[in-house]
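Listed here are the chains, written in short residue letters.
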Amino acid sequence: MPSLPRIKRPRRLRSRAEEPVALARREPAELPANGLTWIHLDAPDHEAATELAERFGWHPLDVEDVLSKRQRPKVDEYPDYLFAVLHFPFYDKAVQRLNAAELDVFLGNGYLVTLPNVELLPVSRLFRRCSDDAELRENLFAKGSGYLLYHVLDDLFDYCFPILDKIGHKLDSIEDDIDEERFEEIVRDISKAKQEIISYRKIIKPQRPTLRLLERRAERFLPEALELYFDDIVDASERIWDLLDNYKEVVEALEATNESAISHRQNDVLRLLTLISVTMLPLTLITGIFGMNVLYPGEGTHTAFWVILVAMVVALAGMVGFFRYKRWI
């Protein structure tokens, strides 16, 4: 089959003002103090990661993990350093939901490198505070890279609890809405709350054993008197998991309560409609009998009309009285 002719369009000359401008390459931020260096860079590219790997002697597979889109939480131990991948929740405005932010950490003698794939505000704020406050920098850097990593993780886990508080506040609001019988809005709110809880659990669950492993492996970068510090990080992770378990049970109970309330309201509507239909049956029967094209006593008289009307009223009153006696209405 002959190929279709290509349409030739005149090529527009590009002016200098329209020439693509190369974005300035972001360099890692670096803070030295007391023989310790903290290097921080959000979303590093291949060139920056390779330069850092050559500088500190990292394994090429670790560089691949840093550049990959998503890695599971893990800790890899090497003779000279530790490589850890950790996940933390952050609100992704693009999809308007909680998502997992990855933090890649290289921990060695005399240095700490933090490479998140998106900006993690607790890490950025701590880095700026250390940069602006010389006294704080001296205090944090004086006890080794392991102690500095503990403060980074401690700030990150402290940042997790306000997110949990917001979820708890949403659940309290849903409970109040149930009391106010705002059932249609509650279904949407419960769906959003369950989505946030599920997303949070997916982030925290695989990280729990990783933090226990990190607690044991990071001891060689901590002074002996500070070895218990990472146990506080593990406790914070367990508290978060316990709260998530609690919220999961609460949201499931609220969903069941709301569904029960909706079902009860639907049953009330169906019961009322059924009672109306049943009370109309004898009236329909009476009108059907006397509406037949046959002769009956008093046909065509005013007396017959009033007799039929009284019979319909008596039948209706009898049905309503029976329903009240049975407490159906």
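Above this text sits the structure in question.
Conventions and cut-offs
- Note on numbering: residues in each chain are counted from 1, in written sequence order.
- Restriction of local features to residues with pLDDT of at least 70 applies here, the model being predicted, together with a cutoff of 80 or more for giving and counting side-chain atom pairs; totals for whole chains, interfaces and linings are based on all residues.
- Only heavy atoms go into the side-chain values, all of them from the structure, while hydrogens and water stay out.
- Here a strand is any run of E in DSSP of at least two residues, a helix any run of H or I of at least four, and the numbering for each starts at the N terminus.
- Partly exposed residues are those whose accessible area sits between 20% and 50% of the maximum for their type, while under 20% is buried and over 50% is exposed, using a 1.4 Å probe and protein chains only.
- In protein, a polar contact means a hydrogen-donor-capable atom and an acceptor-capable atom, both N or O and within 3.5 Å, with residues adjacent in sequence counting only if both atoms are side-chain atoms; elsewhere, any N or O pair within 3.5 Å suffices.
- Residue types Ala, Val, Leu, Ile, Met, Phe, Trp, Tyr and Cys, when buried and joined through side-chain atoms within 4.5 Å, form a set referred to as a nonpolar core.
- Contacts are assigned to residue pairs that have any heavy atoms within 4.5 Å of one another.
- Throughout, an axis means a line fitted to C-alpha atoms (over the contacting stretch in the case of helices), and angles, computed between N-to-C directions, take values from 0 to 180 degrees.
- In this scheme, roughly parallel covers angles under 35 degrees and roughly antiparallel covers those over 145, while 65 to 115 is roughly perpendicular and the rest are oblique.
- Take the far helix as the reference: if the near one is turned anticlockwise from it by less than a right angle, the crossing is left-handed, and if turned clockwise, right-handed.
- Any carboxyl oxygen of Asp or Glu that lies within 4 Å of a side-chain nitrogen of Lys or Arg is treated as forming a salt bridge with it.
- Pairing between two strands requires that DSSP report at least two bridges joining them.
- Given a helix with a known number of residues, its expected span is that number minus one, times 1.5 Å.
- One fitted axis covers the seven residues ending at a residue, a second covers the seven starting there, and the bend at that residue is the angle between these axes.

Trainee: Looking at this structure, I do not really get unusual backbone geometry. What am I missing?
Mentor: What is expected of a backbone is that most residues other than glycine have negative phi and most peptide bonds are trans. Of note, Asn34 is a non-glycine position whose phi angle comes to about 50 degrees, a positive value. Tracing the sequence through the fold places Asn34 in the loop between strand 1 (29-33) and strand 2 (36-40). Asn34 sits in the partly exposed class, given a relative accessible area of 44%. Of note, the phi angle at Ala43 is positive, near 45 degrees, even though the residue is not glycine.

Trainee: Would you take a moment to explain the side chain of Asp42 for this structure?
Mentor: Counting through the fold element by element, Asp42 comes out in the loop between strand 2 and helix 1 (46-56). Separated by 3.1 Å, the side chains of Asp42 and His40 make a polar contact.

Trainee: Teacher, can you tell me more about the nonpolar core here?
Mentor: Soluble globular proteins tend to pack their nonpolar side chains together in the buried interior. One finds Trp38, Phe141, Leu153, Tyr200, Leu214 and Ile240 to be the most contacted residues of the largest nonpolar core, which totals 64 residues. When residues of this core are assigned to their parent elements, the largest contribution, 16 residues, is made by helix 5 (residues 145-179). When neighbours within four sequence positions are excluded, Tyr200 is seen to be in contact with Pro89, Leu98, Cys160, Ile163, Leu164, Ile167, Ile240 and Leu244.

Trainee: In this structure, what is going on with the packing of helix 5 against helix 6 (residues 183-204)? I would like to understand it.
Mentor: The contact between helix 5 and helix 6 brings their axes to 10 Å, and the two run at 155 degrees. In terms of orientation, helix 5 and helix 6 fall into the roughly antiparallel class. As helix 5 packs across helix 6, the resulting crossing turns out to be left-handed. Where helix 5 abuts helix 6, its residues Cys160, Ile163, Leu164, Ile167, Lys170, Leu171, Ile174, Asp177 and Ile178 lie against Phe183, Ile186, Asp189, Ile190, Ala193, Glu196, Ile197 and Tyr200.

Trainee: In this structure, what is going on with the pattern of salt bridges? I would like to understand it.
Mentor: Here the idea is simple: oppositely charged side chains can pair when their charged atoms come close. One pass over the structure, following the stated rule, counts 12 salt bridges. Here Asp76 and Lys74 are joined by a salt bridge, their closest N and O atoms 3.3 Å apart. Taking relative accessible area as the criterion, Asp76 reaches 22% and is therefore assigned partly exposed. Residue Lys74 is classed as buried on the basis of its relative accessible area, which comes to 13%. Residue Glu77 is joined to Arg220 by a salt bridge in which the shortest nitrogen-to-oxygen separation is 3.3 Å. Of this pair, Glu77 sits in strand 3 (residues 74-77) while Arg220 sits in the loop between helix 7 (208-217) and helix 8 (229-290); the two residues are 143 residues apart in sequence, bridging distant segments of the chain. For Glu77, a relative accessible area of 39% gives the class partly exposed. You can call Arg220 partly exposed: its relative accessible area is 36%. Bridged by salt links that share partners, the residues Asp65, Lys74 and Asp76 form one connected network.

Trainee: What am I meant to see in the sheet that holds strand 6 (residues 111-116) here?
Mentor: Hydrogen bonds between backbone atoms are what pair the strands of a sheet, whose relative direction is either parallel or antiparallel. Pairing within the open sheet is mixed, and its 6 strands lie in the order 1-2-6-5-4-3. The outermost strands of the open sheet, each flanked by one partner alone, are strand 1 and strand 3. Looking at each pair of strands side by side, their axes are set apart by 15 degrees on average, direction ignored. One ladder, built from 5 bridges, connects strand 1 with strand 2; its direction is antiparallel. From the neighbouring strand, Glu30 faces strand 2, where its bridge partner is Ile39. Contacting strand 1, strand 2 and strand 6, helix 1 runs over the sheet at an angle of about 160 degrees to strand 6. Packed on one face of the sheet, helix 6 meets strand 4 (81-92) and strand 5 (97-108) and runs near 15 degrees to strand 5.

Trainee: Please clarify how helix 8 should be interpreted in this entry.
Mentor: Counted at 1.5 Å a residue, the expected span for helix 8 with its 62 residues is 92 Å, and the 92 Å between its end C-alpha atoms agrees. Maximum bend of helix 8: about 25 degrees, positioned at Leu281, with proline Pro282 one to four residues after it.

Everything listed here is a matter of geometry and, on its own, says nothing about what the molecule does.
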